[in-house]
Amino acid sequence: MSLIEKIDKNRLPRHVAIIMDGNGRWAKAKGKDRSFGHQEGVVSVRKIMDAVTQLGLKYLTLYTFSTENWKRPQDEVIGLMNLFATTMLAEVDGLHEEHVRVMTIGRTDELPKKTRDAFAKAWEKTKDNDGMTLVVAVNYGGRVELLDAMRSYMDGAHAALREGREPEPLSEATLSRHLYTADIPDPDLLIRTSGEMRVSNFLLWQIAYSEFVCTETLWPDFDRYEFLRALLEFQSRDRRFGAVK
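The structure contained in this document is the topic of the report that follows. (Residues numbered from 1 in each chain as written. Predicted model: local features only at pLDDT ≥ 70, side-chain atom pairs only at ≥ 80, totals over all residues. Heavy atoms only, no water.)

### Comments concerning the overall build of the protein
Okay, step 1: Counting its regular elements, the protein contains eight helices and six strands.
Okay, step 2: Here the C-alpha radius of gyration of the protein, 19 Å, is about what a compact globule of 245 residues would show, namely 18 Å.
Okay, step 3: Based on the C-alpha atoms only, the size of the protein along its principal axes is roughly 65 × 50 × 35 Å.
Okay, step 4: Counting over 245 residues, the protein shows a buried share of 47%.
Okay, step 5: Once local pairs closer than 6 in sequence are excluded, the contacts in the protein between residues at least 24 apart make up 78%.
Okay, step 6: Accessible area of the protein: about 13,000 Å², with a carbon and sulfur share of 50%.
Okay, step 7: For the protein, the separation between the mean place of its 35 positive charges and that of its 37 negative charges on side chains is 2 Å. (Helix = DSSP H or I, 4+ residues; strand = E, 2+ residues; numbered from the N terminus. Rg over C-alpha atoms; globule rule 2.2 N^0.38 Å. Buried < 20%, exposed > 50% of the residue type's maximum accessible area, 1.4 Å probe, protein only. Contact = heavy atoms within 4.5 Å. Areas by Shrake-Rupley, 256 points an atom, 1.4 Å probe, with all protein chains shown as cover. Lys, Arg positive; Asp, Glu negative; His and termini not counted. Charge placed at Lys NZ, Arg CZ, Asp CG, Glu CD.)

### Here's the deal with the nonpolar core
Side chains of nonpolar character tend, in soluble globular proteins, to be buried together.
Okay, step 1: Membership of the largest hydrophobic core comes to 44 residues, with the highest contact counts inside it found for V16, I18, L60, L134 and F227.
Okay, step 2: If one sorts the elements of this core by residue count, helix α4 (residues 74–97) sits on top with eight residues.
Okay, step 3: Look past the residues within four positions of L60 in its chain and what remains in contact with it is H15, V16, I18, I48, M49, V52, M132, T133, L134 and V135.
Okay, step 4: One finds I184, F202, L203 and I207 within the second-largest nonpolar core, a separate group that totals 14 residues. (Core = buried A, V, L, I, M, F, W, Y, C linked by side-chain atoms within 4.5 Å.)

### Structural notes on the packing of helix α3 (residues 34–55) against helix α8 (residues 224–235)
Geometry of a packed helix pair, given as the angle between the helix axes and the separation of the axes.
Okay, step 1: For the pair α3 and α8, the least separation of the axes is 9 Å and the interaxial angle reads 50°. It follows that α3 is oblique to α8 by the angle criterion. For α3 against α8, the interelement crossing comes out right-handed. The segment α3 lies against α8, with I48, A51, V52, Q54 and L55 engaging R224, F227, L228 and L231. (Axes fitted to C-alpha atoms, helices over the stretch in contact; angles between N-to-C directions. Parallel < 35°, antiparallel > 145°, perpendicular 65-115°, else oblique. Left-handed = near helix turned anticlockwise from the far one by under 90°.)

### Section: helix α6 (residues 142–162)
Okay, step 1: Taking 1.5 Å per residue as the helical rise, α6 with its 21 residues ought to reach 30 Å, and the 30 Å between its terminal C-alpha atoms agrees with that figure.
Okay, step 2: Turning to α6, its buried residues are G142, V144, E145, A149, Y153, A157, A159 and A160.
Okay, step 3: Those residues of α6 hidden inside the fold are in contact with β4 (133–140) and α7 (172–176).
Okay, step 4: At the C-terminal side of α6, G164 shows a positive phi close to 75°. (Expected span 1.5 Å × (residues − 1).)

### Concerning the pattern of salt bridges
Okay, step 1: Following the criterion strictly, the structure yields 20 salt bridges and no others.
Okay, step 2: K113 is the partner of D117 in a salt bridge, and the nearest nitrogen-oxygen pair spans 2.6 Å. Note that D117 and K113 are positioned in helix α5 (residues 113–126) at a spacing of four residues, about one turn of the helix.
Okay, step 3: The exposure class of K113 is exposed, given its relative accessible area of 54%.
Okay, step 4: Through salt bridges that share partners, D21, R25, R192, E196 and R198 make up one connected network. (Salt bridge = Lys/Arg side-chain N within 4 Å of Asp/Glu carboxyl O.)

### Considerations on the packing of aromatic side chains
Aromatic ring pairs are reported here in terms of the distance separating the ring centres and the angle at which the planes meet.
Okay, step 1: Counted by the stated rule, this structure contains nine aromatic pairs.
Okay, step 2: Geometrically, the ring pair formed by Y140 and Y180 is edge-to-face, given 6.0 Å between the ring centres and 70° between the ring planes. A residue pair is termed long-range when its members are at least 10 positions apart, and Y140 in strand β4 and Y180 in the loop between α7 and β5 (189–192) qualify at 40 residues.
Okay, step 3: In this structure Y140 comes out as buried when scored by relative accessible area, which is 0%.
Okay, step 4: By relative accessible area, Y180 is classed as partly exposed at 22%.
Okay, step 5: Ring plane angle 20° and centroid distance 5.3 Å describe the contact between W219 and F222, whose orientation is recorded as stacked. Accessibility classification places W219 together with F222 in one group, the buried group.
Okay, step 6: Here K32 stacks its cationic end above the ring of F36, 5.3 Å away from the centre of that ring. (Phe/Tyr/Trp six-rings, centres within 6.5 Å; stacked < 30°, edge-to-face > 60°. Lys NZ or Arg CZ within 6 Å of the ring centre and 35° of its normal.)

### Some points on a nonpolar patch on the surface
Okay, step 1: A cluster of nonpolar residues, M150, M154 and L170, forms a patch on the protein surface that exposes about 240 Å² of accessible area.
Okay, step 2: With respect to the element layout, M154 can be found in helix α6. (Patch = residues over 30% accessible without salt bridge, like charges linked within 9 Å, V, L, I, M, F, W, Y side chains within 5 Å.)

### Some points on unusual backbone geometry
Okay, step 1: Despite not being glycine, N139 has its phi angle at roughly 50°, a positive value.
Okay, step 2: By the secondary structure assignment, N139 is in strand β4.
Okay, step 3: Unusually for a residue other than glycine, S194 sits at a positive phi of about 80°.
Okay, step 4: Secondary-structure assignment places S194 in the loop between β5 and β6 (211–214).

Below, the structure written as structure tokens:
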């Protein structure tokens, strides 16, 4: 049986999130500049998008650039920002034809205008699509997201008090509605490539009960086969969410 035939279509994760790691090490091993690794990483994204679309998964979140990644060399950061813009503009028509909805999470207002405008154009063109949702986490940090959520909640609470209303009680559900991912289900599966064993400030609230699959494969080598293997591993897990079966 091929890998895809082994997958139980009734037990697919609704939402898969991926920490795409290893572009730089992949390029270095080949004697290339880190930018070459990032460019090849885009090819892997296309492969995974094809697999996700074929399987009918509803949400895919890709960790592309963290709030800490600004510390990298300036030429690498500029190259990544240009790569994000050119890739998004080149791909948006095809994504639209596939009924994919493109959205971003993170402090996108801090991105360079060219990059910010490219993501805004993709959102505007695809926002009414009802197929898979591609979530691009760019200038994203889990701790920053929680700070922004609390600020949003407090702004609403202060506005309510000024108007003589009782503020909405703070609960897990309330805070979730103030996260960047308010309209997105939490990830069922988190995949990390390159052999690293950490979450790197990614979706700290949302991955509380996600299943983790970590692979030694560097992101530019992560293909359809590796993705299907991760899905099979996910389906082998017994998800109890703190309860006992």
